[in-house]
Amino acid sequence: MSETVRAAARVAPIRRTLPALIAAGLVAAGPVRAADPIKIGVIAEAQSVAGASIPQAVQLAADEINAQGGVDGRQIQVVTYDDKSSASDAVRAFQRAASEDKVNLVIASYISEVVLALMPWAARLKTPMITPGAASNEISVAVHKDYARNKYTFHGYLTSHALAQAVCDSAKEVLVDKLKAKTAAIMSEDAAWTRPLDAAYQECLPKSGLKVVEHVRFSPDTGDFTPIYNKIEAAKPDLIVTGIAHVGVQPTVQWQNQQVPIAMTGISGQATSSTFWANTNGGTQGVLFDSVAVPGVALTEKTIPFAEAFTKRFGGAPSYAGYMAYDATHYAAEAIKRAGSTEADKLVEALEKTDYVGTVGRLKFYGKDDPFTHSIQYGPGLMTSVLGQWQNGKQVAIWPAATANGTMILPPAVKPAVQ
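Residues numbered from 1 in each chain as written. Predicted model: local features only at pLDDT ≥ 70, side-chain atom pairs only at ≥ 80, totals over all residues. Heavy atoms only, no water.

If you look the protein up in an unreviewed UniProt entry, it shows as Branched-chain amino acid transport system substrate-binding protein from Methylobacterium radiotolerans. The Sequence similarities (unreviewed entry) field of the UniProt record for the protein holds the comment "Belongs to the leucine-binding protein family." (UniProt positions renumbered as here; feature names shortened; annotations may be inferred.)

Draft legend 1. Geometry of the layout of surface pockets. Here the largest pocket defines a volume of roughly 320 Å³. What lines the largest pocket is a set of 20 residues, among which Gly 379, Met 383, Thr 384, Ser 385 and Pro 400 lie closest to the centre. With 3 residues, the single largest contributor to the lining of the largest pocket is helix α7 (residues 160–176). Considering only residue class, the lining of the largest pocket consists of 10 nonpolar, 6 polar and 4 charged. The residues that make up the lining of the largest pocket include at least three from each of domain 1 (36–157 + 298–374) and domain 2 (159–290 + 384–397). (1 Å grid on protein atoms, 1.4 Å probe; cavity = no way out; pocket = protein on both sides within 12 Å on 5 of 7 lines; lining within 4 Å. Points joined across faces, edges and corners; volume = space filled by probe spheres on them. Helix = DSSP H or I, 4+ residues; strand = E, 2+ residues; numbered from the N terminus. Nonpolar A, V, L, I, M, F, W, Y, C, P; charged D, E, K, R; others polar. Domains from an automatic or database assignment.)

Draft legend 2. Quick peek at empty space enclosed by the protein. This structure, assessed with the given rule, holds 1 cavity of 30 Å³ or more. The computed volume of the largest cavity comes to approximately 170 Å³. Contributing to the lining of the largest cavity are 21 residues, with Tyr 157, Leu 163, Trp 193, Ile 267 and Tyr 320 lying nearest its centre. For the lining of the largest cavity, the elements supplying multiple residues, two or more each, are β9 (263–268) and β10 (288–291). When residues of the lining of the largest cavity are sorted by domain, at least three fall in each of domain 1 (36–157 + 298–374) and domain 2 (159–290 + 384–397).

Draft legend 3. Geometry of the nonpolar core. Counting 107 residues, the largest nonpolar core has Ile 76, Met 129, Tyr 201, Leu 239, Val 292 and Tyr 331 as its most contacted members. With 12 residues, helix α13 (residues 320–339) is the single largest residue contributor to this core. In this structure, this core is formed jointly by two domains, domain 1 (36–157 + 298–374) and domain 2 (159–290 + 384–397), each of which donates at least three residues. Aside from chain neighbours lying at most four places away, what touches Ile 76 is Ile 38, Ile 40, Ala 62, Ile 65, Asn 66, Val 71 and Ala 333. In this structure, Ile 228, Ile 232, Val 260 and Met 264 belong to the second largest nonpolar core, which totals 16 residues. (Core = buried A, V, L, I, M, F, W, Y, C linked by side-chain atoms within 4.5 Å. Buried < 20%, exposed > 50% of the residue type's maximum accessible area, 1.4 Å probe, protein only. Contact = heavy atoms within 4.5 Å.)

Draft legend 4. Summary view of the pattern of salt bridges. Scanning the model with the defined rule gives 10 salt bridges in all. With a closest N to O distance of 2.6 Å, Asp 72 and Lys 337 form a salt bridge. With Asp 72 in the loop between α2 (53–67) and β2 (76–82) and Lys 337 in helix α13, this residue pair connects regions lying 265 residues apart in the sequence. The network of salt bridges with shared partners includes Asp 190, Arg 195, Asp 198 and Arg 217. (Salt bridge = Lys/Arg side-chain N within 4 Å of Asp/Glu carboxyl O.)

Draft legend 5. Looking closely at the sheet that holds β10. Ordered in space as β10-β13-β14, the 3 strands form an open sheet in which the pairing is antiparallel. Two strands bound the open sheet, and with one partner strand each, they are β10 and β14 (394–399). Here the strands of the sheet are splayed against their neighbours by 40° on average, with no regard to which way each runs. Of the strands in this sheet, β10, β13 (386–391) and β14 touch α7, which is tilted by about 80° from β14. (Pairing = 2+ DSSP bridges. Axes fitted to C-alpha atoms, helices over the stretch in contact; angles between N-to-C directions.)

Draft legend 6. Fine view of the UniProt feature "domain: Leucine-binding protein" (unreviewed entry) in the protein. Mapped onto the present numbering, the UniProt feature "domain: Leucine-binding protein" (unreviewed entry) falls on residues 37–375. Secondary structure content for residues 37–375 is 44% helix and 18% strand, and the end C-alpha separation is 28 Å.

Draft legend 7. Looking closely at the packing of helix α3 (residues 87–99) against helix α4 (residues 112–124). Taken N-terminus to C-terminus, the directions of α3 and α4 make an angle of 30°; their axes are 9 Å apart at the nearest point. As judged from the angle between their axes, α3 and α4 are roughly parallel. Considering only the axes of α3 and α4, their crossing is right-handed. For the pair formed by α3 and α4, the contact residues are Ala 87, Ala 90, Val 91, Phe 94 and Gln 95 on the first element and Glu 113, Val 114, Ala 117, Leu 118, Trp 121 and Ala 122 on the second. Class assignment for the residues of the contact of α3 with α4 results in 9 nonpolar, 1 polar and 1 charged. (Parallel < 35°, antiparallel > 145°, perpendicular 65-115°, else oblique. Left-handed = near helix turned anticlockwise from the far one by under 90°.)

Take a look at the structure:
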C-alpha cells in the first residue's frame, strides 16, 4: 500500500466522524456566518426640498423590514449617496454603488435628467434601479423601445403624461365645476420632465373645460418672475397651471407678495413638502398642488402611519418622493422574497409582477406592450392623485371628495371667475 493510500485511509475515519466530534464538544466548530445583507443604494438630492425625503423614507422602510426579520432572514443595508442635484455626480455614485459597494438595487433621484443619465449605467452594470420621483415620459418610453437593454430601470412614479391627466382631472371637478374657471395659463420650468407635461396639458386642459390662453416656459435660473406674471395677467386667465419642481420658492413668494389675482394649481414638487410653508415664509398660502398624498389623509391604511412615523423621526412630513421611495423599498423587498434571489434578471422579473398596496394606492407597473413600460399605472383602483392646498401652515386635501379633509379657500387677491 502506497503512502498516499495509507494517508487517505487514516483521514477517512476522521472525516466520517467529524460531525459527531463537534456535537460531542471534542472539536470546536467554525464561526457561524450571518446571511449576507441585501444592499440598497440610494442616490438622491439630500439638500433639496423634495429630494431629502428619499433616503430618509428608504431608511425608515428598511428599519421596519429588518425589525420583522428582514427578507428571508437577510437584513437590508442602506447605502446612501448625495448627488448634489448633479447628473455627473449621480453617475459616479452609481458606478461606485454597483462596482465597489456591490449594491443589489438602486433607488435614485427625483430629477429626470439625473435618472436619464443613470439608465445606461443600470443597463451596463445590470443593476436594477427604481426612481421614486422623476417624471419624464422618456424614462419608461426608453424601456419600451429597447426593453432588452433598459429593462433594469423602473419608473416608480407617474409619468409626466399621467401627472398632467391628474391635474386635469382635479381641475375639472374642483376648479371648473366649483370655481367656474374657463381659461388657464401654463407656467412651467424648462426641464426634461415638463416638455411632455406641457404637451399633455395642452391636450387635456381643453377637454376639462379650460381654454389655454398663455404658455410660459422659464429658465430654472430665473430670479425675478415679475415679467412672467405681467405677461400671464395680460392674457387674463382664470388659473395658472404649473409644472415646477426644481424651482418653487421664488415664483410662489412673488405670486403672494405681488398679489397676483389668479389661482395657482398644477404640479409643484416643493409644495408637497411640509417645509415649504417655512421656506416661503407663508407665501404658499392658498396655493393648490397635485400630489401623491397629503398628511392626515388615509388613501390606504398605510398612508397615515407612514406619515406619522416619518414626521416623528425626521421632524416634518415627507415630500411626494418620500411616499414613493418608502413604497418602493417595501415592494422591492417583496420582489426579492418572491424571486428568492437578488440576481438582477430574476429581480427584474419579480418587480414586473409587483401588485402592492402602499401608502399612495395600489401599485402596479405597465408591461412590455405599453408605451410607458415599467411606469406606475394610473387610474381608478390604482394610483391616482390628491389635490391639496396650503391653508394657514397646513396641507389640506380638497379632492377627491372621498378622501378630502377640507374645502378650498381663495387667497384674498383671487376672485371667482365671472360667469
